[in-house]
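Commentary on secondary and tertiary structure
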Amino acid sequence: MMMPAMSCRAMQALYLLALEPVAETTGDWNSYGFRPERSTADAIEQCFNVLSHSYSAPWTLEGDIKACFDGISHEWLEAHIPMDKTMLHKWLKAGYIDKHIFHQTEEGTPQGGPISPVLANLTLDGLEDKLRTLHPGFHQSRRAKIHLVRFADDFIITASSKELLEKEVKPLVEAFMRERGLELSAEKTLITPIADGFDFLGQNVRKYNGKLIIKPSKKNVKTFLEKVRRMVKEHQGATAGNLILLLNPLIRGWARYHQHVVSKETFQDVDSAIFEMLWQWARKRHNNKPRRWVKDKYFHVHEGRNWVFSGVVIGRDGGVETVRLFRATQTPIKRHIKIRGEANPFDPAWEVYFEKRLGVKMESTLRGKRQLLALWKSQHGLCPHCHQRITKLTGWHNHHKVWRSKGGGDQLENRVLLHPTCHQQLHSQGNAEVEPCSEEGIGKA
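A brief structural summary. Numbering of residues starts from 1 in each chain and follows the order in which that chain's sequence is written. With pLDDT at 70 or above as the cut-off, local features in this predicted model cover only qualifying residues; side-chain atom pairs require 80 or more to be listed or tallied, and sums for whole chains, interfaces and linings still use all residues. With hydrogens and water stripped out, all remaining heavy atoms of the structure feed into the side-chain values.

This next bit is on the nonpolar core. To qualify as a nonpolar core, a set must consist of buried Ala, Val, Leu, Ile, Met, Phe, Trp, Tyr and Cys residues joined through side-chain atoms within 4.5 Å. Categorising residues by exposure relies on relative accessible area from a 1.4 Å probe, with only protein chains included: less than 20% of the type maximum marks a residue as buried, more than 50% marks it as exposed, and the intermediate range marks it as partly exposed. Ranked by internal contacts, the top residues of the largest apolar core, which has 39 residues, are Ile 81, Leu 131, Phe 155, Ile 157, Val 173 and Met 177. Only DSSP runs of H or I with at least four residues qualify as helices, and only runs of E with at least two residues qualify as strands; both kinds are numbered from the N terminus onward. Among the elements that take part in this core, helix α9 (residues 162-179) stands out by supplying 7 residues, more than any other. With residues up to four places along the chain from it excluded, the contact list for Ile 157 reads Trp 59, Thr 60, Leu 61, Leu 131, Ile 146, His 147, Leu 148, Leu 165, Val 169 and Val 173. Trp 254, Val 270, Ala 282 and Phe 326 belong to the second-largest nonpolar core, a separate cluster that totals 31 residues. Residue contacts follow a heavy-atom distance rule, with two residues in contact if any of their heavy atoms lie within 4.5 Å.

This is the structure we're talking about:
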């Protein structure tokens, strides 16, 4: 990996401000990697959309690009990337130093820089349109059932038959990649029936008796548990409280990643496996103590549940606090609402759409709920536009004072809560300004 110097990173970030809106405007609708407001959850939901029906494509091509960032043709980049060619040429040919030895760079993009993901996306964009040319008519495309879902350099392509993937789709993809100096990985590029399933972005996608089930892949679960096991072993001498502080973010992050698929049984299995690790950890620390003693010291009763791994830590105020292990099963399973393919965060026409999505995200997390409460209190519970109360009955929308499409951020200082109708009025008038709530208004309301 090439890590650019700070001056180069700053210059790349500057050019990125101009290049990213272009990339978002011209990008493939079903490309989800390294793009603002898009995530792996969107890619997995699109897999569900194109594979879950009885009439969906029964075959998939699992594509993986061999050394994608390292293999992109410099000539292709300089000919097609819409930016200052002199600056792009300098970045591409800058070279790198490894063990005090300078190495030339003849291909690939400078990894580790802010602009690298956008360059890679611009290189791979256009594949979706190319695939549409194989069967251009409405009825032809419905019969072919060709759909692309891409996240960075990992992608799948669906089709109605194995022969279609082998004889038409794969040769087209190989030619598309070859033009850009890239090639598919022979080991990782597979053609698979949906009845056998495939792993994609840490999930297993497979149909069981005609019903599509997406759940955490066995490989992903194994890797996660190995990471937890390694952490437990490396902290054999830590207190239970400190070990819990290390494990909780790890478990919570993994569970949230998988909370949008069929994960309930997997979460239960993971919780059981972690319990076994912690029981062995506790027994090893006190191998001369009876089991009951170990259980009473580390595993307590909490909210009607037995065997809750617990410990104490010093809190921020200097006092002793009890902490408990977070369980994966505490994470609710929620269906993810996929971003619309044509949505562009840099287009003012999509401002309201993204503000609504932000509101949904905020309501689904504890941090988001705290932010909503902070905004509501700072406005004295009033809508700054009509100066009437905001309640659960009236509803609310997030509004950005400086639109995100015009460079505004998601920080609290740039957001206010408005009634849905007030929000719509502001945007229909092309107006972003709102008057602050009066201190007296809350007493009269």
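Anyway, onward from the coordinates.
Turning next to the side chain of Asn 414. Tracing the backbone through its elements, the reader meets Asn 414 in the loop between β13 (397-400) and β14 (415-418). Each residue touching Asn 414, except ones within four places of it in the same chain, is listed here: His 399, His 400, Lys 401, Val 402, Gly 408 and Gly 409.

One less than the number of residues in a helix, times 1.5 Å, gives the span that helix is expected to have. With 21 residues, helix α1 (residues 6-26) should cover 30 Å at 1.5 Å per step; its first-to-last C-alpha distance of 29 Å lies within 8% of that length. Taken together, the buried residues of α1 touch α5 (85-92) and α6 (116-124).

Taken in spatial order, the 3 strands make up an open sheet running β10-β11-β12, and their pairing is antiparallel. Of all the strands in the sheet, the pair left with one neighbour each is β10 (299-302) and β12 (320-324). Strand-to-strand twist in this sheet, taken as the mean axis angle between neighbours without regard to direction, amounts to 55°. Note: β10 against strand β11 (residues 305-314), 3 bridges, orientation antiparallel. Paired with His 302 across the bridge in β11 is Arg 305. Against the sheet, helix α11 (residues 240-257) engages β11 and β12, with an angle of about 105° to β11. When DSSP locates at least two bridges between a pair of strands, those strands are taken to pair. Between N-to-C directions, angles span 0 to 180 degrees; the directions come from axes that are lines fitted to C-alpha atoms, helices contributing only their stretch in contact.

With that settled, consider the packing of helix α10 (residues 218-234) against α11. Pairs of packed helices are described in terms of their axes, by the angle between the two and the distance that separates them. Relative to each other, α10 and α11 sit at 170°, their axes nearing to 10 Å. One finds that α10 runs roughly antiparallel with respect to α11. Along its contact with α10, which presents Asn 220, Val 221, Phe 224, Lys 227, Val 228, Met 231 and Val 232, the element α11 presents Leu 243, Leu 246, Leu 247, Leu 250, Ile 251 and Trp 254. Of the residues that constitute the contact of α10 with α11, the class distribution is 11 nonpolar, 1 polar and 1 charged. Roughly parallel means an angle under 35 degrees; roughly antiparallel means over 145; roughly perpendicular covers 65 to 115; every other angle is labelled oblique. Three residue categories are used. Nonpolar comprises Ala, Val, Leu, Ile, Met, Phe, Trp, Tyr, Cys and Pro, charged comprises Asp, Glu, Lys and Arg, and polar comprises the others, including Gly.

The strand order across the open sheet formed by 4 strands is β4-β5-β1-β6, and the pairing between neighbours is antiparallel. Looking along the sheet, the strands with just one partner apiece sit at the ends: β4 (147-151) and β6 (190-193). Sheet twist, expressed as the average angle between the axes of neighbouring strands with direction ignored, equals 20°. Judged from the 6 bridges that link them, strand β1 (residues 59-64) and strand β5 (residues 154-159) form a sheet pairing that is antiparallel. The residue bridging Asp 64 from the neighbouring strand is Asp 154, located in β5. α9 rests against β1, β5 and β6 of the sheet, and its axis sits at about 145° to β5.

Our next topic: the side chain of Asn 30. Structurally, the position occupied by Asn 30 is in the loop between α1 and α2 (40-51). Note on Asn 30: relative accessible area 12%, which makes it buried. At 3.4 Å, the side chain of Asn 30 forms a polar contact with the side chain of Gln 46. Within polar-contact distance, the side chain of Asn 30 engages the side chain of Glu 128 at 2.7 Å. Residues in contact with Asn 30, not counting those within four places in the same chain, are Gln 46, Glu 128, Leu 148, Val 149, Arg 150 and Lys 338. Polar contact is defined as a pair of N or O atoms within 3.5 Å, subject to the rule that within protein one atom must be able to donate a hydrogen and the other to accept it, and that residues adjacent in sequence are counted only when both atoms are side-chain atoms.

A pairing counts as a salt bridge when a side-chain nitrogen of Lys or Arg comes within 4 Å of a carboxyl oxygen of Asp or Glu. Counted under the stated rule, the structure contains 11 salt bridges. Close ionic contact of Arg 357 with Asp 42 constitutes a salt bridge, the shortest N to O distance being 3.8 Å. Of this pair, Arg 357 sits in helix α14 (residues 351-363) while Asp 42 sits in helix α2; the two residues are 315 residues apart in sequence, bridging distant segments of the chain. The salt bridge partner of Asp 410 is Arg 404, with a shortest N-O separation of 3.2 Å. Overall, the relative accessible area of 33% leaves Asp 410 in the partly exposed class. Taking the relative accessible area as the measure of exposure, Arg 404 reaches 14% and is therefore buried. One connected set of salt bridges, linked through shared partners, spans Glu 37, Arg 404 and Asp 410.

The subject of this paragraph is the packing of aromatic side chains. To pair, rings of Phe, Tyr and Trp, with the six-membered ring standing in for Trp, must have centres within 6.5 Å; the planes then decide the type, stacked if under 30 degrees apart, edge-to-face if over 60, and tilted in the middle. Going through the model one piece at a time under the given rule, you end up with 15 aromatic pairs. With centroids separated by 6.3 Å and ring planes inclined at 25°, the aromatic side chains of Tyr 298 and Phe 309 adopt a geometry described as stacked. You can see Tyr 298 sitting in helix α13 (residues 291-298) and its partner Phe 309 sitting in strand β11, a full 11 residues away along the chain. There is no split in this pair, since Tyr 298 and Phe 309 are both buried. Here the aromatic rings of Trp 350 and Tyr 353 are separated by 5.3 Å at their centres, their planes lie at 80°, and the arrangement is edge-to-face.

Note on helix geometry: an α-helix contains 3.6 residues per turn, so any two residues three or four positions apart are oriented the same way. The terminal C-alpha atoms of α14, which comprises 13 residues, lie 19 Å apart, in line with the 18 Å expected from a rise of 1.5 Å per residue. Within α14 the residues assigned to the buried category are Glu 351, Val 352, Tyr 353, Phe 354, Glu 355, Arg 357, Leu 358, Gly 359 and Met 362. On its buried side, α14 packs onto α2, α15 (366-378), β13, β14 and α16 (420-428).

Our focus in this paragraph is a nonpolar patch on the surface. Patches here: salt-bridge-free residues with over 30% relative accessible area, like charges joined within 9 Å, nonpolar side chains (Val, Leu, Ile, Met, Phe, Trp, Tyr) joined within 5 Å. Areas reported here follow the Shrake-Rupley algorithm with a probe of radius 1.4 Å; residue values treat only the protein chains shown as occluding. Nonpolar side chains collect at one region of the surface, where Met 11, Leu 14 and Leu 17 lie side by side and expose about 310 Å² of accessible area between them. Its place among the elements puts Leu 17 in helix α1. Judged by its relative accessible area of 66%, Leu 17 falls in the exposed class.

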